[in-house]
Amino acid sequence: MKKYKTKRFKKINPLAVIFFIIIITGIYRIVLGQSIGNHFYCSESFDDVLLMRYSNFNTHFHDPNVWSLVKTMSFPLYVRLIHRMHLNYTLSVSILWVFAALSVFNVAQKYFKNKYLSLVSYLYFLFLPMAFDSWMGTRIYRNSIIAPFVIIVFSLILINVKDIISNEQKKFLQYICTIIRTFILGILFTFTYFIKEDGLWMFACLIFFSIASVIAIIYHLIKTRNWQRTILYSIIICIPFASFNYGTNNYKEINEKYFGVSAIQTRTSGELGEFVNNVYKVKSQKQNWYVWAPKDSIEKVFKVSPTLQEYPELLQSIEHTPWFAGDISKKPIQGDFLTWVLRSSLSDTGIWKSEKQIDKLFSKVNNEIESAFNTGELEKTDKIQLLSSAVGRNKTEIESLFPLVIHNFRNVMFLQGYTPGAIVGNTAYHPEVGKYASTVTGIEYLKDYSLCNQNAMNHANEQVSIIFKIYSMLNPLLFVGMIIILFFQLILLLYVLIKKRWKIAHTECLLLIGLVVVLFGICIAYSFSINWFSQFIYKEYIDDTIMNYYTVAMPPLMGLAYLFSIGNLLQIGNK
């Protein structure tokens, strides 16, 4: 009897078990997502409500207003697509997370060919706590889809890098699949880039990995003289850039057709955005990491611009904006809020007629300001600017960012500032938008939260709390383990090098160490740059919830770093 059971057990296919686990956990993830649900804040007029109004393409494109081009369109497009597909929004996001987890499974399998590591990686990303957080995951806003799309995009990039670096011989059909996958990468990269206005960091990552791929291509060309492979992979590297260029140009053409300006958004770019950037460049003793556009900087640009002097009411409106208690001399404009104050004042004073008219007006203003900078009439700040759309900083102000970066990593590891996401939204401020949101997302209770199942939500929150506790214990172990593994492997490689026992496996190990360091470095640079923009929010104290909200891409990037550090250890151990 025992022999029969042993033989029967041995016949069980591990791949079938893994496939079964993937299916069952994927279904559970979707059911859990449905139980948690989503909430919509009708009180957030310039965030949730604004993007929901954008998703109504009829009014957005045919009835433009002063707020039509302040944010990007990927999230409204996503809302419209799932509506057209007759998908419930909650279900669509859960499915998106399943696809994200599967994409990481493929990455792990591609690099390490270890089905158990691939399964664990799948499970880790499938239940990332951020997906269940009330601000990052279950709130119907663009931050809820950033992480899964970032995971999918980075997975596709890393798979392509592996293909190029490994120099594996492929059949014709495999090359076709690679090309198709890269076209999908191009489309998803472009979409993800335009979810928020800070997509530039992703473009920098794409460039970095593309450069690494080009180096590998050149190396293999010198080694093998295989020109066909070189040409093919060179084309593959170019596809995401071509897709991004095509998508961006079409995006601009659509905006030019309906709004009269060839720009993605005009809050931080375009002529209006350039004007705000010019204000940041003006030298002022009152400018700091908290006050980006002090009163004297605003007055100086008005003084050097004959065009702006024709609109004294605009300056008066800015200086007495209700955004800052009616007097910016007593309560200065904080952070990047001049971008919002300026538009409000242009509208309140009747100067705003259309995007095209304002773009033309401020093109003239910007030329005058630039001329004043060139002649010395207007003095430029000598502070370091990360981007023109962010305030410049001196050495002390830059150093003040490092504690925030450390705090950010602490939050990611210990889940500080995370809140279970099955909560009730509000409908009081813009009930008509709540009703529209209910229709377009397929979530009936958004217009009346008494319709939602509170018992199911409470039960779901209990399960989510358990997930939070598990990850808050697991993440610190993974982080410490990653650091130990890196040091151990570097010492091992140094020993092998000294003993002159270097093999191809050691080169592969070194490359994977480099990849872990790169991913970890991206996290640091990402946190650093985001905090450069958002530090003004933490004048009194650091709000962990807000910090996590703005650095939403960090948990998945750290997860990938953990994956490659563990995978590298297992791989070098086997060899």
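Because the structure is a prediction, the values reported are computed rather than measured.

(A) Focus on the layout of surface pockets. Counted as a void, the second largest pocket has a volume near 980 Å³. If you trace the second largest pocket, you find 30 residues lining it, with Ile165, Ser166, Thr507, Glu508 and Leu511 closest to the centre. Sorting the residues of the lining of the second largest pocket by element identifies helix H6 (89–112), helix H8 (143–166), helix H10 (200–224) and helix H21 (504–534) as the ones contributing at least two each. Broken down by element, the residue count for the lining of the second largest pocket peaks at nine residues, all from H10. For the lining of the second largest pocket, the per-class residue count stands at 17 nonpolar, six polar and seven charged.

(B) Spatial organisation of the pattern of salt bridges. Evaluated as defined, the whole model comprises 15 salt bridges. The partner of aspartate 198 in a salt bridge is lysine 196, and the shortest N-O contact between them spans 3.6 Å. Lysine 196 gets classed as buried once you look at its relative accessible area, which sits at 11%. With a shortest N-O distance of 2.8 Å, arginine 343 and glutamate 355 are connected by a salt bridge. Linking arginine 343 in helix H15 (residues 338–348) with glutamate 355 in helix H16 (residues 355–375), this pair joins segments that are 12 residues apart in sequence. With respect to burial, arginine 343 and glutamate 355 carry one shared label: buried. Sharing partners across several salt bridges, the network here consists of Arg142, Glu197, Arg267 and Asp336.

(C) Molecular detail of empty space enclosed by the protein. Overall, the coordinates contain five cavities of 30 Å³ or more when judged by the stated rule. In this model, the largest cavity occupies a volume close to 120 Å³. Lining the largest cavity are 14 residues, and of these Asn160, Leu206, Ser210, Ser213 and Ile237 sit closest to its centre. Of all the secondary structure elements, the ones that give two or more residues to the lining of the largest cavity are H8, helix H9 (172–193), H10 and helix H11 (227–259). Taken together, the residues that form the lining of the largest cavity break down as 10 nonpolar, four polar and no charged.

(D) Just the packing of helix H2 (residues 14–36) against helix H7 (residues 115–126), in detail. Taken N-terminus to C-terminus, the directions of H2 and H7 make an angle of 0°; their axes are 11 Å apart at the nearest point. As far as their axial angle goes, H7 and H2 are roughly parallel. For the pair H2 and H7, contact is made by Pro14, Leu15, Ile18, Ile21, Ile22, Thr25, Gly26 and Arg29 and by Lys115, Tyr116, Leu119, Tyr122, Leu123 and Leu126, respectively. Broken down by class, the residue content of the contact of H2 with H7 amounts to 10 nonpolar, two polar and two charged.

(E) Representation of the side chain of histidine 430. Counting through the fold element by element, histidine 430 comes out in the loop between helix H18 (402–414) and helix H19 (431–441). Take histidine 430: its relative accessible area is 17%, and that puts it in the buried class. Residues within four places of histidine 430 in sequence aside, it is in contact with Cys42, Ser45, Val49 and Arg53.

(F) Seen up close, unusual backbone geometry. Despite not being glycine, alanine 325 has its phi angle at roughly 60°, a positive value. Following the sequence through the fold, alanine 325 ends up in the loop between helix H14 (312–319) and H15. Not every positive phi belongs to a glycine, and lysine 500 is a case in point at roughly 60°. Turning to its location among the elements, lysine 500 is positioned in the loop between helix H20 (454–498) and H21.

(G) Highlighting the nonpolar core. Phe40, Ile145, Trp201, Phe275, Ile298, Phe362 and Phe564 are the most contacted members of the largest nonpolar core, which has 174 residues in total. A per-element tally of this core places H8 first, with 14 residues. Not counting the four nearest positions on each side in its chain, phenylalanine 362 is found in contact with Glu271, Leu272, Phe275, Leu308, Leu314, Leu342 and Leu346. Formed by seven residues, the second largest nonpolar core is a distinct cluster that contains Tyr175, Tyr233, Ile236 and Ile237.

(H) How the structure looks around a nonpolar patch on the surface. A grouping of Phe19, Phe20, Ile23, Ile24, Ile27 and Val31 is seen on the molecular surface, where their side chains present a nonpolar patch of about 590 Å² in accessible area. Within the secondary structure layout, isoleucine 27 lies in helix H2.

(I) Focus on the side chain of glutamine 287. Turning to its location among the elements, glutamine 287 is positioned in the loop between helix H12 (270–281) and helix H13 (295–304). Glutamine 287 sits in the buried class, given a relative accessible area of 4%. Among the polar contacts listed, one links the side chain of glutamine 287 to the backbone oxygen of tryptophan 292, at a separation of 3.0 Å. Excluding residues within four positions of it along the chain, glutamine 287 makes contact with Val279, Tyr280, Val282, Trp292, Pro294, Thr381, Lys383 and Val391.

(J) Region of the structure containing H11. Its 33 residues give H11 an end-to-end C-alpha distance of 47 Å, which sits within 8% of 48 Å, the value for a rise of 1.5 Å per residue. The largest bend along H11 measures about 30° and falls at cysteine 238, with the proline proline 240 one to four residues further on. Trailing H11 by a residue or two, glycine 260 shows a phi angle of about 85°, which is positive.

(K) Region of the structure containing the packing of aromatic side chains. Scanning the model with the defined rule gives 50 aromatic pairs in all. Between the aromatic rings of tyrosine 28 and phenylalanine 127, the centroid separation amounts to 5.9 Å while the plane-to-plane angle is 45°, which identifies the pairing as tilted. Here the residue tyrosine 28 occupies a position in helix H2, and phenylalanine 127 occupies one in the loop between H7 and H8, the gap between them amounting to 99 residues. A ring pair is formed by tyrosine 175 and tyrosine 233, whose centres lie 6.1 Å apart and whose planes are at 65°; its orientation type is edge-to-face. Taken together, the residues span a long stretch of sequence, with tyrosine 175 in helix H9 and tyrosine 233 in helix H11 at a distance of 58 residues. Judged by relative accessible area, which is 15%, tyrosine 175 ranks as buried. Following the ring pairs from residue to residue traces out a cluster consisting of Phe46, Trp67, Tyr280, Trp292, Trp323, Phe324, Phe337, Trp340, Phe533 and Phe536. Just above the ring of tryptophan 135 sits the side chain of arginine 139; from NZ or CZ to the centre is 4.7 Å. We note lysine 380 situated over the ring of phenylalanine 373; from NZ or CZ to the ring centre the distance is 5.4 Å.

(L) Spatial organisation of the state of the cysteines. Across all of its chains, the model carries zero disulfides by this definition. Cysteine cysteine 523 shares no disulfide, and the gap to the nearest cysteine sulfur, in cysteine 205, comes to 9.3 Å.

Parameters and conventions
Throughout, a residue's number is its position along its own chain's written sequence, starting from 1. Owing to the predicted nature of the model, reporting of local features is limited to residues with pLDDT of at least 70; listing and counting of side-chain atom pairs is limited to 80 or more, with chain, interface and lining totals taken over all residues. Hydrogens and water molecules were not included; the side-chain quantities draw on all heavy atoms of the structure. Buriedness of a pocket was judged along seven lines, with at least five required to meet protein on both sides within 12 Å; pockets are open sets of points on a 1 Å grid over the protein atoms alone, cavities are sets where a 1.4 Å probe fits but cannot get out, and lining residues have an atom within 4 Å of a point. Grid points are joined across faces, edges and corners, and a volume is the space filled by probe spheres set on the points. Put simply, DSSP marks the helices as runs of H or I at least four residues long and the strands as runs of E at least two long, and each gets a number from the N terminus on. As a working rule, the residues Ala, Val, Leu, Ile, Met, Phe, Trp, Tyr, Cys and Pro are called nonpolar, Asp, Glu, Lys and Arg charged, and the rest polar, with Gly in that last group. The salt bridge criterion pairs a side-chain nitrogen of Lys or Arg with a carboxyl oxygen of Asp or Glu, the two atoms within 4 Å. Residue exposure (1.4 Å probe, protein chains only): buried if accessible area is under 20% of the type maximum, exposed if over 50%, otherwise partly exposed. Between N-to-C directions, angles cover 0 to 180 degrees, with each direction set by a line fitted to C-alpha atoms, over the stretch in contact for helices. Should an angle fall under 35 degrees it is called roughly parallel, over 145 degrees roughly antiparallel, and 65 to 115 degrees roughly perpendicular, with every other angle called oblique. Contact definition: two residues touch when any of their heavy atoms are within 4.5 Å. To form a nonpolar core, buried Ala, Val, Leu, Ile, Met, Phe, Trp, Tyr and Cys residues must be joined to one another through side-chain atoms within 4.5 Å. Patches here: salt-bridge-free residues with over 30% relative accessible area, like charges joined within 9 Å, nonpolar side chains (Val, Leu, Ile, Met, Phe, Trp, Tyr) joined within 5 Å. What sets the accessible areas is the Shrake-Rupley method with a 1.4 Å probe; for residues, cover comes only from the shown protein chains. A 3.5 Å cut-off defines polar contacts: any pair of N or O atoms within that distance qualifies, except that in protein one atom must be a possible hydrogen donor and the other a possible acceptor, and neighbouring residues in sequence count only when both atoms are side-chain atoms. Helix span, as expected, comes to 1.5 Å for every residue beyond the first. One axis is fitted to the seven residues ending at the residue and one to the seven starting there. The bend at that residue is the angle between these axes. In this analysis, rings of Phe, Tyr and Trp, with Trp reduced to its six-membered ring, are considered paired at centre separations within 6.5 Å, and the interplanar angle assigns stacked below 30 degrees, edge-to-face beyond 60, and tilted for intermediate values. By definition, being over a ring means that NZ of Lys or CZ of Arg is both within 6 Å of the ring centre and within 35 degrees of the ring normal. Counting rule for disulfides: a pair of cysteine sulfur atoms within 2.5 Å.

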